[in-house]
Amino acid sequence: MFKKSFVTVIAATTLALTACGGGSDAGGGSDDGITMGFAQVGAESGWRTANTKSIQDSAKAAGVDLKFSDAQQKQENQIKAIRSYIQQQVDVIAFSPVVESGWDTVLKEAKDADIPVILTDRSVDSADTSLYKTFLGSDFVEEGKKAGDWLVEDSASTDGPINIVELQGTTGAAPAIDRKEGFEAAIAADPDLTIVESQTGDFTRSGGKQVMEAFLKNTPDIDVVYAHNDDMGLGAIEAIEAAGKVPGKDIKIITVDAVKDGMTALSEGKINYIVECNPLLGEQLMDLAAKVVAGEEVPARVVTEESAFTPEQAKEVLASREY
Ligand code: GYE
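Please read all numbers here as calculations on a predicted model, not as lab measurements. (Residues numbered from 1 in each chain as written. Predicted model: local features only at pLDDT ≥ 70, side-chain atom pairs only at ≥ 80, totals over all residues. Heavy atoms only, no water.)

(A) Broad picture of the nonpolar core. Formed by 29 residues in total, the largest nonpolar core has its most connected members in Leu167, Met212, Val225, Met263 and Ile271. Among the elements that make up this core, the one with the highest residue count is helix 8 (residues 230–242) (six residues). When near neighbours in sequence (up to four residues on either side) are disregarded, Met212 contacts Val165, Leu167, Ile222, Val225, Ala236, Ala239, Ile240 and Ile251. (Core = buried A, V, L, I, M, F, W, Y, C linked by side-chain atoms within 4.5 Å. Buried < 20%, exposed > 50% of the residue type's maximum accessible area, 1.4 Å probe, protein only. Helix = DSSP H or I, 4+ residues; strand = E, 2+ residues; numbered from the N terminus. Contact = heavy atoms within 4.5 Å.)

Following this line, the structure appears as structure tokens:
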């Protein structure tokens, strides 16, 4: 395991360390610094790709020996990866739980092995919050609210019912549950706004396209698509265009994330509003990891700051967008 005496050394030499430690010593912890096991959700979206890159780049910059695994959106794979990190006696485990439920057993195993766990991006619903040190990520309910508030305002001048179809994220995932909840709470302010269909597109472009095709077949009067991420919104655009309709005009589209492809579609008027969700969590994660490994106190919750964009604003910021 990582020795406390390394901490000061690391703090002083973080910037000088470029290569990751070999992690070949018997204890699993590298002499060069912290060893982190990171169990990623998958590579389902542009957001996820940017998030993975941020974590890998930040680990390198901080001299953290990163053991990285991609669970391909399967909880069982994530559990396997976490168990293998426990076995390797890494200094800290971080992961982005694909779904909220079902983590208590493996988290208890990490706790019993004295390996601190950091939740990044998504949370778990475990009643025992001592199973992890902190949760770093966005406020997904707030994101859903921002999306709903925009629609309430945008449709204030329109009379009559407005039919919304919802493309949900991965079933059981925190961002899918919370973005739905926040959006529903916000649109309750206007009785004309109704969600007429709601299904999961699994946060992927192909999922969004497929589900939207079915929605277009079943529901003749769709006014608005609310997609829990850009990728599903982009898939929906393909389906809408294939059905001979104009995305952004015949059917308005609201999404969450603000990755480059989403922002491009927004600047072209194919998407009408995007709520930002910041994937660049790597640096904060490495800072928190150094602290928990050193036995320092960290806040139980670290919320990332984010905004939202209209097409005009997208045009302004597109060129300087990092992801
Ligand atoms: O919005 C979506 C990704 O957990 C915040 O997961 C993340 C979400 C993100 O697949 O694009």
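Now that the structure has been shown, the text picks up again.
(B) Structural detail: the pattern of salt bridges. Going through the model one piece at a time under the given rule, you end up with 16 salt bridges. With its nearest N and O atoms 2.7 Å apart, the salt bridge here joins Lys53 to Asp57. One end of the pair, Lys53, and the other, Asp57, are both in helix 2 (residues 46–62), four residues apart, so they sit about a helical turn from each other. Since its relative accessible area comes to 40%, Asp57 is described here as partly exposed. The salt bridge involving Lys180 is made with Glu166; its shortest N-O contact spans 2.6 Å. You can see Lys180 sitting in helix 6 (residues 174–187) and its partner Glu166 sitting in strand 6 (residues 162–168), a full 14 residues away along the chain. When salt bridges with common partners are traced through the structure, they connect Glu44, Arg48, Asp121 and Arg122 into a single cluster. (Salt bridge = Lys/Arg side-chain N within 4 Å of Asp/Glu carboxyl O.)

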